[in-house]
Amino acid sequence: MAKNQIRCSNRMTFTLLLLTGLVFLLAPQSLTNKFQLAFARIFRWPLSIGRNFSLAARTHQPVKQMLKRSQMQYQNHIDNLEELLRQERLKVQKLSGIRERLPLEGVNLVLAAVSMAPEGLKNELIINRGSDDGLTVGQFVLGDNSIIATTSDISSRTARVRLFTDPASKIAVTVGTSNIERIMQGNGDNSATIPMLKNRVKTGTQVFTRKKPGFLDAPMIIGKVAQSERNKESPLLWDITVEPVCDIEALNDVAVIVMNPNK
Amino acid sequence: MRWFRFVALILVATLLQASLLAYWDINPDLLLILLVFFAVYCNSSEAIITSFTIGFAADIISPAMGPQIISFGLFGTALVYLNRVIAIKKMPYQAIAIFITGILIGTLTHWLTLLRAEPATKNMFLMLLGTSLYSALVGPFLFLPAAWWIRIKTKRF
């Protein structure tokens, strides 16, 4: 009798907990994200210590790494200016007379520390800035002068940013000096793909995000072409793999581009 | 079961998983190891509760909530009942249990994540295989400190 009661109790516990799991599974993500953001906010201190420790352990030559990173930052800045200059020349050619803004002119850059990267897919970051700091969904995130992500979920003091390498990320880009807009989608393995291009693109060619009114005033570098391979379904077309131009995992701080800051 | 110690252990494992281990390409899954540990050494009612709790902790640090609570809960409970039939007391058996449970949990989590219309990673199954193998190699050695912390006698069979 007692045994039957215990068995029944186990079944009941299992059923209740399974139902709880189903509720979490079927609940809207905006609701369940609050648990994750609250966890990141409450434990941001131990999380950032662990993260820094892990990154420090992985860095064998700190000075060399720092120099390489600085070089990467300058290179990204130069690429951004060169792209802007190219666009300016096009504008002059068209005699439009419209003055283009510098990429970050007049915008509010909200600096944020990276609290944690959710385990598993590794294509998202949680930062310690939120709606209280003027963040909204869809804003671009900078790392080492290059676009690395967009904000995806916001709470009052934390936000989740989706890297452009995340499979759910789709960003309008241009490749090299071409003005044709393409959609770049993340692969989930620290790279993204621009599918169905007519021509093969040289490895190392810069990829720029397109201007997006209200979010980005001028094109900015997002990555470089890592390889071009023929599309499996249409062999006449090319799929381009794009890799970030900065070491995203090593970033401790990022900046969110807030175009219309609340004054 | 000392529940306060259990919560502290899960919290530490979750923080380590989300910070220290999250930046390795392939890492051992501490929560998976703890799931198998509690399924093997606790009584059935405690093991069911710990399985779902560990699943919740795994979901907190993953991109979407829900899939891992169900996966950990289901396979943790299955392991409890399997442990009644086949005693998983030797280290090689524990390693095999961790490996198989890891693969099953990862696969179910993958499908449930797709059900939520979340996109999947390209090399997901390769990463899953690596994580399960790594956890299986490391896991049995972590059982002893975990048993000491929870004050469980490991030689109960």
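Residues numbered from 1 in each chain as written. Chains lettered and ligands numbered in written order. Predicted model: local features only at pLDDT ≥ 70, side-chain atom pairs only at ≥ 80, totals over all residues. Heavy atoms only, no water.

Within the largest apolar cluster, 48 residues are counted, with the highest numbers of intra-cluster contacts made by B:Ile10, B:Leu31, B:Leu34, B:Phe37, B:Phe38 and B:Ile54. Within the residue set of this core, elements represented by two or more residues are α1 (2-26) of chain A together with α1 (3-18), α2 (30-41), α3 (44-60), α4 (67-85), α5 (91-115) and α6 (124-150) of chain B. Setting aside chain neighbours within four positions, we find B:Leu34 in contact with B:Leu9, B:Ile10, B:Ala13, B:Ile54 and B:Ala146. The next biggest cluster of nonpolar side chains, apart from the first, holds 24 residues, and it includes A:Val107, A:Ile147, A:Met184 and A:Trp238. (Core = buried A, V, L, I, M, F, W, Y, C linked by side-chain atoms within 4.5 Å. Buried < 20%, exposed > 50% of the residue type's maximum accessible area, 1.4 Å probe, protein only. Helix = DSSP H or I, 4+ residues; strand = E, 2+ residues; numbered from the N terminus. Contact = heavy atoms within 4.5 Å.)

This brings us to the environment of B:Gly106. Residue and element names in this part refer to chain B. For Gly106, the location among the structural elements is in helix α5. Separated by 38 residues in the primary sequence, Gly106 and Gln68 place their C-alpha atoms 8.4 Å from one another. Setting aside its immediate chain neighbours within four residues, Gly106 contacts Met124 and Leu128.

Below, the discussion takes up the interface of chain B and chain A. The partner chain A presents 41 residues to the 44 residues of chain B that form the contact. Summed over both partners, the interface of chain B with chain A comes to about 3,700 Å²; 66% of that surface belongs to carbon and sulfur atoms. Inspection of the region where chain B meets chain A yields three residue pairs in polar contact (both at pLDDT 80 or more). Secondary-structure elements contributing two or more residues to the side of chain B that touches chain A are α1, α3, α4 and α5 of chain B. Of the residues belonging to the side of chain B that touches chain A, the class tally is 26 nonpolar, twelve polar and six charged. (Buried area = accessible area lost by both parts, 1.4 Å probe. Polar contact = N/O pair within 3.5 Å; in protein donor to acceptor, adjacent residues only side chain to side chain. Nonpolar A, V, L, I, M, F, W, Y, C, P; charged D, E, K, R; others polar.)

Our next topic: the packing of α1(B) against α6(B). Residues and elements named next belong to chain B. It is at 9 Å that the axes of α1 and α6 come closest, and there the two elements cross at 140 degrees. Compared by their axis directions, α1 and α6 come out oblique. Of the residues in α6, those in contact with Arg5, Phe6, Ala8 and Leu9 of α1 are Ala146, Trp149 and Ile150. (Axes fitted to C-alpha atoms, helices over the stretch in contact; angles between N-to-C directions. Parallel < 35°, antiparallel > 145°, perpendicular 65-115°, else oblique.)

This part covers the confidence of the model for chain B. Overall, the predicted model of chain B reaches an average pLDDT of 86, with 92% of residues at or above 70. Element-level pLDDT for chain B is lowest in α6(B), with a mean of 88, against a maximum mean of 92 in α2(B). (pLDDT = per-residue confidence, 0-100.)

Turning our attention to the pattern of salt bridges. Residue and element names in this part refer to chain A. Inspection of the entire model under this criterion finds six salt bridges over all chains. Here Arg86 ties to Glu83 by a salt bridge, and the two come within 3.1 Å at their closest N and O atoms. Of the two residues, Arg86 and Glu83 both sit in helix α4 (residues 62-94), three residues apart, roughly one turn of that helix. Grouping residues by exposure puts Arg86 and Glu83 together as buried. As a salt-bridge pair, Asp166 and Arg162 come within 3.9 Å of each other at their nearest N and O atoms. (Salt bridge = Lys/Arg side-chain N within 4 Å of Asp/Glu carboxyl O.)

Where nonpolar side chains cluster on the molecular surface, the patch consists of A:Met12, A:Leu16, A:Leu19, A:Leu22 and A:Leu26 and spans about 520 Å² of accessible area. Relative to the helices and strands, A:Leu19 is located in helix α1. (Patch = residues over 30% accessible without salt bridge, like charges linked within 9 Å, V, L, I, M, F, W, Y side chains within 5 Å. Areas by Shrake-Rupley, 256 points an atom, 1.4 Å probe, with all protein chains shown as cover.)

Further remarks concern α6(B). Residues and elements named next belong to chain B. The end-to-end C-alpha separation of α6 is 33 Å, well short of the 39 Å expected for 27 residues at 1.5 Å each. Within α6, the axis deviates most sharply at Gly139, by approximately 45 degrees, and proline Pro140 lies no more than four positions further along. Downstream of α6 by one or two residues, Arg151 has phi in the positive range, about 60 degrees. (Expected span 1.5 Å × (residues − 1). Bend = angle between axes of the 7 residues up to and from the residue.)

In this section: the environment of A:Arg182. Residues and elements named next belong to chain A. Counting through the fold element by element, Arg182 comes out in strand β7 (residues 182-186). Spatially, the C-alpha atoms of Arg182 and Pro195 are 8.3 Å apart, while their sequence positions differ by 13 residues. Contact partners of Arg182, with chain neighbours within four places excluded, come to Ile171, Ala172, Val173, Ile194, Met196 and Leu197. Of note is the side chain of Arg182, whose polar atom sits 3.4 Å from the backbone oxygen of Met196.

Once that is clear, we can look at the packing of α2(B) against α4(B). All names here are of chain B. Axis separation between α2 and α4 bottoms out at 8 Å; the angle between their running directions is 35 degrees. Crossing of α2 over α4 shows right-handed handedness. Here Leu31, Leu32, Leu35, Val36, Ala39 and Val40 of α2 lie close against α4, whose contacting residues are Phe72, Gly76, Leu79, Val80 and Asn83. Residues belonging to the contact of α2 with α4 are distributed by class as follows: nine nonpolar, two polar and no charged. (Left-handed = near helix turned anticlockwise from the far one by under 90°.)

Let us look at the side chain of A:Thr174. Mapping A:Thr174 onto the fold places it in strand β6 (residues 170-175). When residues no more than four places from it in sequence are discounted, the contact partners of A:Thr174 are A:Asn179, A:Ile180, A:Glu181, A:Gln206, A:Val207, A:Phe208 and A:Arg210.

We now examine the environment of A:Pro219. With respect to the element layout, A:Pro219 can be found in the loop between β9 (206-209) and β10 (220-230). The class for A:Pro219 is buried, based on a relative accessible area of 4%.

Right, let's get into the sheet that holds β10(A). The pairing of strands in a sheet happens through backbone hydrogen bonds and is either parallel or antiparallel. Residues and elements named next belong to chain A. Pairing is antiparallel around the closed barrel formed by six strands, whose spatial order is β6-β7-β8-β11-β10-β9. Recorded for the sheet is a direction-independent mean angle of 45 degrees between the axes of neighbouring strands. Both β9 and β10 contribute to a ladder of four bridges, which runs antiparallel. Bridge pairing in β10 links Thr209 to Met220. (Pairing = 2+ DSSP bridges.)

Residue and element names in this part refer to chain A. Most of strand β4 (residues 146-154) sits inside the fold, with eight of its nine residues counted as buried. Taken together, the four bridges between strand β3 (residues 140-143) and β4 define a ladder with antiparallel strand orientation. Looking at the pairing, Val141 lines up with Ala149 of β4. If you look at the hairpin formed by β3 and β4, you'll find two residues sitting between the two strands, and Asp144 has a positive phi there, around 50 degrees.

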